[in-house]
Each structure stands twice: as structure tokens, then as C-alpha cells.
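One letter stands for each residue in the lines below.
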Amino acid sequence: MTEINSVTTLTQDGDVAIVTLNSPPVNALSANVRDGLYEGFKQAIASDAKAIVLICEGRTFIAGADITEFGGAMKGASLPDVQAMMENSPKPVIAAIHGTALGGGLEVALCAHYRVAVPSARLGLPEVNLGLLPGAGGTQRLPRIAGVEKALEMMTSGRHAPAKEALEMGLVDEIVPEGQLKEGAVAFARKAVAEGKPLVKVRENNAKLEPAKGHPEVFDNFRKANARKFRGFLAPEYNIRCVEAAVNSASFDEGLGVERKLFMELMMGPQSAAQRYYFFAERQANKIPDVPDDTPTRPINKVGILGAGTMGGGIAMNFANAGIPVTIVELKQDALDRGLKTIRSNYERSRGAVAEQTEKRMGLLTGSLDMDAFADCDLVIEAVFERMDIKKDVFTNLDRICKPGAILATNTSALNIDEIASVTKRPEDVIGLHFFSPANVMKLLEIVRADKTARDVIATSMKLAKQIGKIAVLVGVTPGFVGNRILGQRQREAQKLVMEGAMPWDVDRVLYDFGFPMGPFAMSDLAGLDIGWVKEKSKGESIRDVLCEMDRRGQKTGAGYYDYDENRNAKPSPVTEKIINDFIAKSGRNPRKISDEEILERCIYPMINEGAKILDEGKAIRPSDIDVVWVNGYGWPVYRGGPMYYGDQLGADKVLAKMKEFQGAMGDDFKPAALLEKTVAEGKKLSDFKR
Ligand code: CAA
Ligand code: NAI
């Protein structure tokens, strides 16, 4: 065995040289890895071996460029040098893939002459999710192997294709049994030598580009079909342009030139910087200072859900999807039946639904009207009506029924969890698991740590969140927790703006253009204006009251703030406009023209300010956690990083100055957070905050 460098070895198995990489955690293409590959291949080529296998140790093949190196000066061998060394090898090079071959990792594998993989391997070009494009020839090679349409789809979604699909599209040449990657790759290498298989250079294969030549509509149609999904993002468009260049350029190298130029543009731009920041923010959120990774966790083999309404049903689906049995308890049989029916129809309507899978998942759900059915559950989550007296009653019963060590969780969206926990004899087992609606779809899970919540209960909840595919953020007990508390700021300003002369569609348009999927008024129409509205008590005291009294209760009634046509397309409503103008007249004020800039600043700056208060109070661990909450739970555009990151991009001083100006003009809704003042006084950034 030759040690090439600290992360690379070269060994020989008969006449096959094996270059092995071992750079935990994910064999990312750091300078060290590139050096090792370059030198390893150089020596393998110079050796008497007849073929070369590239294989990785640890959990995965190369998962991409080392993102931590981005933006800094490049050291070591360049990636194109490594790729050229492999591609121009006079001996067949075989990439042996397990785990994931992503981004630069797949681009390296595409410079091997052949690729073998185990069935569990996944391959993809996920750069788009970092606001980038594959910058090492991937945009030119993938369409040459998989065809233009498949390449467009994979590059703009960043999807990881499973090995079987990769085989079908020619991205992988052979699948070898799980656990036998090395043997399989070496056998493939021997076969290549014995059969004199050609040294395939993907760059030379133009056949799959032909069908798109002279057909610009292929690209235009793709753009049109995905316009909604790509809105606001630069990277998808740049990925498309690179594939266009692959088709239209006179040579591979010319296409590569386009790729390089567009890659650099994205890399230096603000969107990718935000998306790279966000990549690490999401991973950082898993780290809890006083709950280290080795904190023991409790086994969760059976889950109980109380309440089969909007949230309970969706929450139950998450566990059934992960193969965990669920007991659902309701008050009355008809509510239970309704809940289970909704779950079934959600499964049946979901994309790619398979009847067998629906039955399997439904088979994991058991309904009951008796809370005693929770006796053997390891975790119970209550999702009953949002009333403290009911929650207290429920937790008194759970305390009596559940076995020792069971985790007792509440899905409350605003109630004080310390108070809820206080009715039990085991407040250390009580935690908030705040799911977002629809709970089977939304990625975010706010895990709410109460005063006495035990560390292993937190560790178990964080682990479980991963298991059910959620992105968890640990927050503290505070009204609305992190997400809704910040939302409250935006909602208040949106309502006030309307009473000052902006129309709901003005506010919505500005926030939509900022990058949110929809504005607050369109959102209210979608959710239903009558949530929490009580007909008998309604006295026309607010715009919402009047709308509901007129049966304009949102999309479901064909009208709310907006008017809707039969396809649910929204139109500004003269009825709403009149109601608003009447309210303004009654208030004795004159409506004024409000600029888009003011709408944006009024809605967004108080959110940043509230984030600073939350940090100061210790209700979020770090600024980036707040950003993860807002990107995943509320549709904050990831290319703007999140409210706290955005605050830093604007400059904390600018946010503070604006808050002071608004405070002077409009009062203490805009009172600057002490932490914001302190950050500016010390010349720091919000992201510098550390507890
Ligand atoms: N660079 C640097 N660090 C990386 C990394 C990368 N490409 N990918 C993962 N890591 C780090 C993570 O930050 C994490 O570190 P900590 O443990 O310190 O938090 C660790 O590796 C493990 O990552 P995950 O927690 O995400 O582990 P996982 O098993 O859940 O997922 C993965 C593994 C699927 C590879 C996932 O990490 C991932 O998607 N990584 C990014 C892949 C990617 O985007 N590659 C393209 C890079 S850009 C590129 O390649 C440009 C080009 O064309 C040259
Ligand atoms: P819902 O009204 O749709 O469902 C509540 C269900 O609980 C009803 O089916 C009711 O019959 C049942 N229930 C009430 N008391 C019960 C009891 N003692 N035992 C058994 N079942 C009982 O309400 P929804 O929207 O699902 O909300 C539930 C909880 O989730 C609330 O605390 C709410 O604040 C919270 N939440 C709601 C979100 C939403 O968007 N709807 C988002 C996040 C949290």
C-alpha cells in the first residue's frame, strides 16, 4: 500500500490499481482530496496495473466540492486537472459508488470511463440548491449521458437519482451487490481489460444532444412549465443556459467556457452566498450546546396522537410514513372516522400513490375513543383544541395513563408549555412538538424546550424529527414560539398598512415580489377568514368581521379579501376596497399613498427586530436557527437567507435607523430591540450573536 497523502492510498489487487479516498465526513473535494486524487491517479497510471478503480471509505462516495472552501483562494490541484488525469488515462478508470455521488463528486465520476454502484447509491447534481450550477463539466456531461430533458430536470431540481434509475439513464454501467462494491468494481475492471472495452469519454458523446438541436422550444417549454417553481431564483435559469450551451456550442470546450462563466457569476452573487449560508444553518440547528450528540435517547416504537383534526391527522401520517405504529384517540366516533378518512384520502391523492403502500400505512394506524390506549406508547402528542383548561385536563390524564419514561408532547401553537407541564408529576418528560400545517407536508418542526424538559427528551425529539423527515429547530417557551411570534409583527403591520391606505393586494404584491409564496391577505383567504371567528359574537368591528358576515370567508366561499373565479384565480375586490375605505373614513383618517418600499420595510424590519428580542431572551439558540424556522415554516425565500441573515445584508445600522424613524412617527410597535442597539453600538453583525 502506498500512502499518497493523509486522505488517499494506492493499493493493487492483481492487475487492478485501487485509489482509495478517506476524508470524513463526506469525502468532499477539499484541496487535500484533490491533491490525493491527482497524485494517486498519476502513480496508478505510471504503475504496471492495467485498470484503475476509484473507491471511497466511510459513509459515501464524494459528496461534492468542499463548500467551506468556496469564496476563498483555491489551493492544491485543480478539479479540472484531476478530471483530465482520469479521463485521459490510457487504462480504464472505474468509479465505484456507494452513498451519494453528488455535485463535484458526480462530475469526477463522469470523468471515469465506467461507473459501478451499489443499489442504495444515489447520484445527482444538487448545486442548484446552493444557488449554483455544476461547475466542473457536469452541465456539459450530464446531457451527453442522460439526454437533454432528463439533465434539465435533474440539474434544476437537484434531485438524487437512485442507482436503478441511474443505470437506466446510462449514468451507471453496472449495479453490484450491496456490501461488495470493491470486489464488483475490480471484477468490472478486469472484464473491461479482458474484453478490451473502449475508454469512454463522456465529453465525446454527442448523440444524445442531437434531438434538441434546432429546437429551442425544448428549453422554452421547460422554462414555462417550471416558471412558478423557479420564480426569483437565478440558479435554475443558469443551469438551463448551460445545457443550451451544451447543445448549441461548436465544441465541448466552448460549452465548458459558458459553464465556467455562469458558475463564477453565481458563485460571486448574493443568492448563492445566502443559499450556502443556509445549507450550514440547517445543519447547525441540530447542534444544541448542552445536549451533546452522545446524549442517550429513549426508544420510540409506538406513538399516540390525541385529536384527529387538522393537525392530529397530519402528524399521525408522519409516523406511519416512517413505519412507526400510531394510536389515535378522539372524543367521538364520528370525529375519529372523519379523521381517519381524511388521512386515507390524503394518501390516495398524494403523488405516485400506490394502493399497497396506502394500506400498509393505514394498517399502522389504530383508532380509539379511550385514552387508556396510550398506556404502552413511548410518545404521546396532543393536538386538541387550543384552550389551556382542555390542555391541562388532557395532561392530567396523560400523566395518569402513560408509562414511566413516555414523552408527553403538546402541539400547542401559543400556550405556555411550562403551565401545561405543571399539572403533571413529570414535567421533565413534557415538551412542545410544534408541527406546521399541513403537518404531513411542512418540513419545519419547532421543538419547544420547557423549563424542566430533560435533555434526553430533547435529544430523542431531535432524532425523531430526522427520522420523520422534518427539519427541527429547538426554541424556548414564549408566546407564538419563534415562528409565530415573528409572524405576529408582519401581520400587525400588514393590517395597519391597510388602514392607512394600502390595499391588501398592494401589501401582498410587495411581499410576493420579495419572494414569499403569497402575501398575508392571500394567505388568510386560503386558510379561511373564519378561523377563530364566531358568528354570534361578530359585530362588524373589523374588516375581517364584515367580510365574514357577508359570507366572504375566503377561497372556500369564492370570496374573501379577493374575489375568486371558478379556477380560484384571485382578483382585487371592489367590495373589499369599499369596506376598507368605509373603515378608514370612520376612523377619521385620510388614506395616503404608501410606497412599495415602505410596505416592505414596515413588514420586514419589525420581524428582524423581534428576532433580536427572541435571541436576547434566549428563546432561540442562534440567529441562524431563526432563519431556518422562517425558510422552512413560512416560505421566506432561501436566496435571501432568512430574516436575520437579511438584516445583516441590509446592515444592522440601517435596520436600527429605520426602526427609530418609524418609532418616532408611529410609536412603540417599532421600539428597537436592546440587542439591535447593542449590535450597532459595537459595530457588529446580528449573526455575531453568541450566548
Ligand atoms: N462540503 C463541506 N462539508 C459538507 C459537504 C460539502 N459538500 N457536504 C456535507 N458536509 C458536512 C456537513 O456540513 C456536515 O457537517 P457537520 O457534521 O459538521 O454538521 C457533515 O458533512 C455531514 O453532512 P449531513 O449532516 O448533511 O449528513 P447526511 O448524511 O444527512 O447527508 C449528504 C449527506 C447527502 C452528502 C449531504 O451532506 C449533502 O447534501 N451535502 C451537500 C452535497 C452538495 O451540495 N454537493 C455539491 C457541492 S457544490 C459542487 O460540487 C460544485 C461543483 O460543481 C464543483
Ligand atoms: P382541530 O379543531 O382541527 O382538531 C382538534 C381535534 O381534537 C378535534 O377533532 C376534536 O374532536 C379533538 N379533541 C378535542 N378535545 C379532545 C379530547 N379531550 N380528547 C380527544 N380529542 C379531542 O384543531 P387543529 O387545527 O388540529 O389544532 C389542534 C392543536 O394544534 C391546537 O393546539 C392548535 O393550536 C395546534 N396547531 C394548529 C395549527 C393549524 O394550522 N391548524 C398549526 C400548529 C398547531
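Residues numbered from 1 in each chain as written. Chains lettered and ligands numbered in written order. Predicted model: local features only at pLDDT ≥ 70, side-chain atom pairs only at ≥ 80, totals over all residues. Heavy atoms only, no water.

## Details of the pattern of salt bridges
Then, in step 1: For the coordinates displayed, the defined rule picks out 58 salt bridges.
Then, in step 2: Taking the shortest distance from any N to any O, the salt bridge between Arg34 and Glu69 comes out at 3.1 Å. Linking Arg34 in helix α1 (residues 31-46) with Glu69 in the loop between β4 (51-56) and α2 (79-87), this pair joins segments that are 35 residues apart in sequence. (Salt bridge = Lys/Arg side-chain N within 4 Å of Asp/Glu carboxyl O. Helix = DSSP H or I, 4+ residues; strand = E, 2+ residues; numbered from the N terminus.)

## Here's the deal with helix α7 (residues 181-194)
Then, in step 1: For α7, which comprises 14 residues, the first-to-last C-alpha distance of 20 Å matches the rise-based estimate of 20 Å (1.5 Å per residue) to within 8%.
Then, in step 2: Regarding α7, the residues found buried are Leu181, Gly184, Ala185, Val186, Phe188, Ala189 and Ala192.
Then, in step 3: Buried residues along α7 sit in contact with β2 (8-13), β3 (16-21), β4, β5 (93-97), β7 (114-117) and β10 (174-175).
Then, in step 4: Among the residues trailing α7, Gly196 stands out with phi positive, at a value near 60 degrees. (Expected span 1.5 Å × (residues − 1). Buried < 20%, exposed > 50% of the residue type's maximum accessible area, 1.4 Å probe, protein only. Contact = heavy atoms within 4.5 Å.)

## Thoughts on the sheet that holds β10
Then, in step 1: Here we have seven strands laid out as an open sheet, ordered β1-β2-β3-β4-β5-β7-β10, and mixed in their pairing. The open sheet has two edge strands, β1 (2-5) and β10, and neither has a second partner.
Then, in step 2: With three bridges joining them, β1 and β2 adopt antiparallel strand pairing. Paired with Asn5 across the strands is Thr8, a residue of β2.
Then, in step 3: Those strands touched by α1 are β1, β2, β3, β4 and β5, and its axis lies near 140 degrees from that of β1. (Pairing = 2+ DSSP bridges. Axes fitted to C-alpha atoms, helices over the stretch in contact; angles between N-to-C directions.)

## Observations regarding the side chain of Glu165
Then, in step 1: Inspection of the secondary structure puts Glu165 in helix α6 (residues 163-168).
Then, in step 2: In contact with Glu165, not counting residues within four places along its chain, are Lys150 and Arg159.

## Section: the packing of helix α27 (residues 652-666) against helix α28 (residues 674-681)
Then, in step 1: Orientation of α27 relative to α28, taken along the N-to-C sense of each, is 130 degrees, at an axis distance of 9 Å. As far as their axial angle goes, α28 and α27 are oblique. Both α27 and α28 take part in a crossing whose hand is left-handed. On α28, the residues that touch Ala652, Asp653, Val655, Leu656, Met659 and Lys660 of α27 are Leu676, Glu677, Thr679 and Val680.
Then, in step 2: Within the contact of α27 with α28, the residues separate by chemical class into six nonpolar, one polar and three charged. (Parallel < 35°, antiparallel > 145°, perpendicular 65-115°, else oblique. Left-handed = near helix turned anticlockwise from the far one by under 90°. Nonpolar A, V, L, I, M, F, W, Y, C, P; charged D, E, K, R; others polar.)

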